[in-house]
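For reference, the chains in residue letters:
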Amino acid sequence: MSDSGGPGSDGPEWLVEHGIGESRALLVHGEEVVAAKLHWPGDLPVDSTALAQLVSKPAGGARGLARMANGTEILVDRIPPRATEGSALTLRITRAAIAERGRFKRAQGRVIESEAGAPPPRDDIFVLGNAVRRLPAGEWNEIWHAASSGEVAFTGGALLFSVTPAMTLIDIDGDLAPRELALAAVPAIARWLRLFDLGGSIGIDFPTLTTKADRKAVDEALDAALEGWPHERTAMNGFGFVHIVARLTGPSLLHRFATARVGAAARMALRRAELVDGPGMTLLAIHPAVRAKLKPEWIAELERRTARPLRIETDPGLAIEAATAQIVPHDE
């Protein structure tokens with residue numbers, strides 16, 4: 001399935017909601033949401049171009065560290081011998097920055113010295129998609145809550161997602177017989193790989209299937225379900241494990257929650273406050289940790305968009321993800 005489309009097209013169409021502190025996108029085909037993406041300011045997706053200044057380079061080496069004007073640091077290779085510290089560089093991003101528990105992997109880039117080294121034009125769905133004030137009711141919330149919990153139910157079982165430094169692991173749990181459970185999980189796996197915008201190294205732990213015929217049946221079901229989604233994978237081994245490798249263009253929704261849960265919750269709190277309607281004042285109830293993540297410019301933008309003043313109340317008894325927003329009279 002192509003992931004392009006525009007207003008009036010019969011194919012899938014990217015709908016983009018430019019929120020405060022993030023932009024959200026859903027690929028919608030008819031009434032079905034088939035993929036999702038999330039962008040935070042400062043993200044450097046693979047194949048994008050960046051301007052940076054060389055900060056350090058070992059003598060005689062071709063690798064070093066560069067820094068963008070906004071402070072973002074990029075690991076660089078193929079640095080020309082003539083380049084010295086302080087030189088301006090044009091870079092092609094070859095690996096997106098990825099935060100992991102306990103550490104941060106900087107983005108990686110390669111020096112572009114000519115137009116031949118420039119990345120090919122890349123469709124930026126956050127620019128080219130159909131901008132809407134609100135995404136389809138409930139659709140983003142479902143994906144957001146699934147990413148937050150790391151669990152997705154399907155008929156007969158559930159998928160449990162775990163983000164580790166080595167790979168994203170998917171465990172399958174349920175009460176069906178092993179073959180039936182594995183086959184029932186395949187459509188859900190294919191759907192949520194796209195909805196979570198997962199890439200990189202992905203491991204799927206299916207129930208152990210003792211016969212080659214059963215393992216082959218699951219492999220064939222995976223082939224059909226993942227058709228059109230660029231990836232490579234192994235066949236299921238005797239322990240039920242399948243290894244998938246897909247292009248990693250940036251943090252998945254699962255990675256956002258694994259490494260920046262409070263920041264993700266703060267952005268969702270602003271979304272809820274923006275989407276309530278009516279005259280009066282916006283009352284936003286949030287956990288104190290979420291309040292600490294709200295930037296002054298975000299609050300100012302919320303008041304500008306809603307044309308309402310904002311009052312924030314904090315409650316340590318609230319869950320991080322449980323922000324609520326409502327309209328109250330000005331004098332309340």
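All values reported here derive from a predicted model rather than from experimental measurement.

This part is about unusual backbone geometry. For D47, which is not glycine, the phi torsion reads 80 degrees and is therefore positive. With respect to the helices and strands, the residue D47 is situated in the loop between β3 (32–39) and β4 (49–56). Under the relative-accessibility criterion, D47 is labelled buried at 12%. Positive phi, normally seen in glycine, also occurs at A307, with a value near 55 degrees. As for its position among the elements, A307 is in the loop between α7 (296–306) and β19 (310–314). Taking relative accessible area as the criterion, A307 reaches 70% and is therefore assigned exposed.

Moving on, we get to helix α3 (residues 178–195). Its 18 residues place the ends of α3 25 Å apart at the C-alpha level, agreeing with the 26 Å of an ideal helix rising 1.5 Å per residue. At V186, α3 shows its largest bend, some 30 degrees, and a proline, P187, comes one to four positions later. In the stretch just after α3, D197 is the one whose phi turns positive, near 55 degrees.

A few words on the packing of helix α2 (residues 139–149) against α3. Interhelical geometry of α2 versus α3 gives an angle of 100 degrees and a closest axis separation of 11 Å. Judged by the angle between their axes, α2 and α3 are roughly perpendicular. Of the residues in α3, those in contact with E142, I143 and A146 of α2 are R191, W192 and L195. Of the residues that constitute the contact of α2 with α3, the class distribution is four nonpolar, no polar and two charged.

Before going further, it helps to spend a moment on the sheet that holds strand β7 (residues 88–95). What the five strands build is a closed barrel, ordered β4-β5-β6-β10-β7; its pairing is mixed. Between one strand axis and the next, the sheet turns by 55 degrees as a mean value, whatever way the strands run. Sheet topology note: the β4/strand β5 (residues 64–67) ladder contains three bridges and is antiparallel. Bridged to L54 within β5 is A66.

As a further point, take the pairing of strand β6 (residues 73–77). Inspection of the sheet shows β5 paired to β6 by four bridges, in the antiparallel sense. Among the inter-strand pairings, A66 is bridged to a residue of β6, identified as I74. Summarising the sheet, β6 and strand β10 (residues 107–111) pair through four bridges and their orientation is parallel. When the bridges of β10 are listed, I74 appears paired with A107.

The next subject is the nonpolar core. Formed by 49 residues in total, the largest nonpolar core has its most connected members in F196 and F206. The leading source of residues in this core is α3, at ten residues. Ignoring any residue separated from it by four or fewer positions in sequence, one finds F196 in contact with I143, A146, A147, V152, F161, S252, L253 and L254.

When charged atoms on two side chains of opposite charge get close, those side chains can pair. Under the criterion given, the structure shown has 19 salt bridges. A salt bridge links E17 to R271; the shortest N-O distance between them is 2.5 Å. Residue E17 is found in strand β1 (residues 13–18), and its partner R271 is found in helix α5 (residues 253–275); the two are separated by 254 residues along the sequence. One network of salt bridges, in which partners are shared, links E17, E22, R24 and R271.

What counts, and where the lines are drawn
Counting starts from 1 at the beginning of each chain's written sequence and moves along it residue by residue. Local features in this predicted model are restricted to residues whose pLDDT is 70 or higher, and side-chain atom pairs enter the listing and the counts only when it is 80 or higher, whereas totals over whole chains, interfaces and linings include all residues. Hydrogens are left out, water is left out, and the side-chain values use all remaining heavy atoms of the structure. The helix count covers DSSP runs of H or I at least four residues long, the strand count covers runs of E at least two residues long, and both are numbered beginning at the N terminus. The rule is simple: take the accessible area with a 1.4 Å probe, protein chains only, and divide by the maximum for that residue type; under 20% is buried, over 50% is exposed, in between is partly exposed. To estimate how far a helix should reach, multiply one less than its number of residues by 1.5 Å. To get the bend at a given residue, fit one axis to the seven residues ending there, fit another to the seven starting there, and take the angle between those axes. Here, axes are lines fitted to C-alpha atoms. For helices the fit covers the stretch in contact, and angles between N-to-C directions go from 0 to 180 degrees. In what follows, roughly perpendicular refers to angles from 65 to 115 degrees, roughly parallel to angles under 35, roughly antiparallel to angles over 145, and oblique to any angle outside these ranges. Residue contacts are counted whenever heavy atoms from the two residues lie within 4.5 Å of one another. The classification used treats Ala, Val, Leu, Ile, Met, Phe, Trp, Tyr, Cys and Pro as nonpolar, Asp, Glu, Lys and Arg as charged, and all other residues, Gly among them, as polar. One bridge is not enough; two strands pair if DSSP finds at least two bridges between them. Here, nonpolar core means buried Ala, Val, Leu, Ile, Met, Phe, Trp, Tyr and Cys residues that are tied together by side-chain atoms lying within 4.5 Å of each other. Just to be clear on terms, a salt bridge is a Lys or Arg side-chain nitrogen sitting within 4 Å of an Asp or Glu carboxyl oxygen.

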